[in-house]
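Examining the three-dimensional arrangement
Here are the chains, one letter per residue:
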Amino acid sequence: MLRALIFDMDDVIINSQPLDYPAWRQTFLDLGKDCTYEEYKNFIGMKGEEILSHLFPACSPSELREYCLRKEKYFFKLLKTKGV
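Structural notes, computed from the coordinates.

Time to look at the packing of helix H1 (residues 17-30) against helix H4 (residues 61-82). The N-to-C vectors of H1 and H4 enclose an angle of 135°; their axes lie 8 Å apart at closest approach. It follows from the interaxial angle that H1 and H4 lie oblique. Crossing of H1 against H4: the hand is right-handed. Contact residues: Leu 19, Asp 20, Pro 22, Ala 23, Trp 24, Gln 26, Thr 27 and Asp 30 in H1; Tyr 67, Arg 70, Lys 71, Tyr 74, Phe 75, Leu 78, Leu 79 and Lys 82 in H4. Class assignment for the residues of the contact of H1 with H4 results in nine nonpolar, two polar and five charged.

Turning our eyes to something else, we now look at the side chain of Asp 20. Along the polypeptide, Asp 20 turns up in helix H1. A distance of 2.5 Å separates the side chain of Asp 20 from the side chain of Lys 71, its partner in a polar contact. Asp 20 has contacts with Tyr 40, Lys 71 and Phe 75, leaving out every residue within four places of it along the chain.

As a further point, take the pattern of salt bridges. Per the counting criterion, the structure on display carries six salt bridges. For Asp 20, the salt bridge identified is with Lys 71, shortest N-O distance 2.5 Å. Residue Asp 20 is located in helix H1, and its partner Lys 71 is located in helix H4; the two are separated by 51 residues in the primary sequence. Each member of the pair, Asp 20 as well as Lys 71, is classed as buried. Ionic contacts of the salt-bridge type, sharing partners, join the residues Asp 20, Lys 71 and Glu 72 into one network.

How each quantity is defined
Residues numbered from 1 in each chain as written. Predicted model: local features only at pLDDT ≥ 70, side-chain atom pairs only at ≥ 80, totals over all residues. Heavy atoms only, no water. Axes fitted to C-alpha atoms, helices over the stretch in contact; angles between N-to-C directions. Helix = DSSP H or I, 4+ residues; strand = E, 2+ residues; numbered from the N terminus. Parallel < 35°, antiparallel > 145°, perpendicular 65-115°, else oblique. Left-handed = near helix turned anticlockwise from the far one by under 90°. Contact = heavy atoms within 4.5 Å. Nonpolar A, V, L, I, M, F, W, Y, C, P; charged D, E, K, R; others polar. Polar contact = N/O pair within 3.5 Å; in protein donor to acceptor, adjacent residues only side chain to side chain. Salt bridge = Lys/Arg side-chain N within 4 Å of Asp/Glu carboxyl O. Buried < 20%, exposed > 50% of the residue type's maximum accessible area, 1.4 Å probe, protein only.

Structure below.
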């Protein structure tokens, strides 16, 4: 039996931006920076570590990974409570 899972979070099948922005914003707030939606739009399509290294250039690679995981936790919490 063939089993498959389609996991697409880049707006091809679903629009994840309504959940992605609040998850990023909370992550940024945790790091002491607010981010408006207008600022966030500049990062759409970028990988998480790219976004964070742009905003927080002093972070180490391990910190960038940790913050990306934090953002994903916020995202999946929103996904679980609000859906898409």
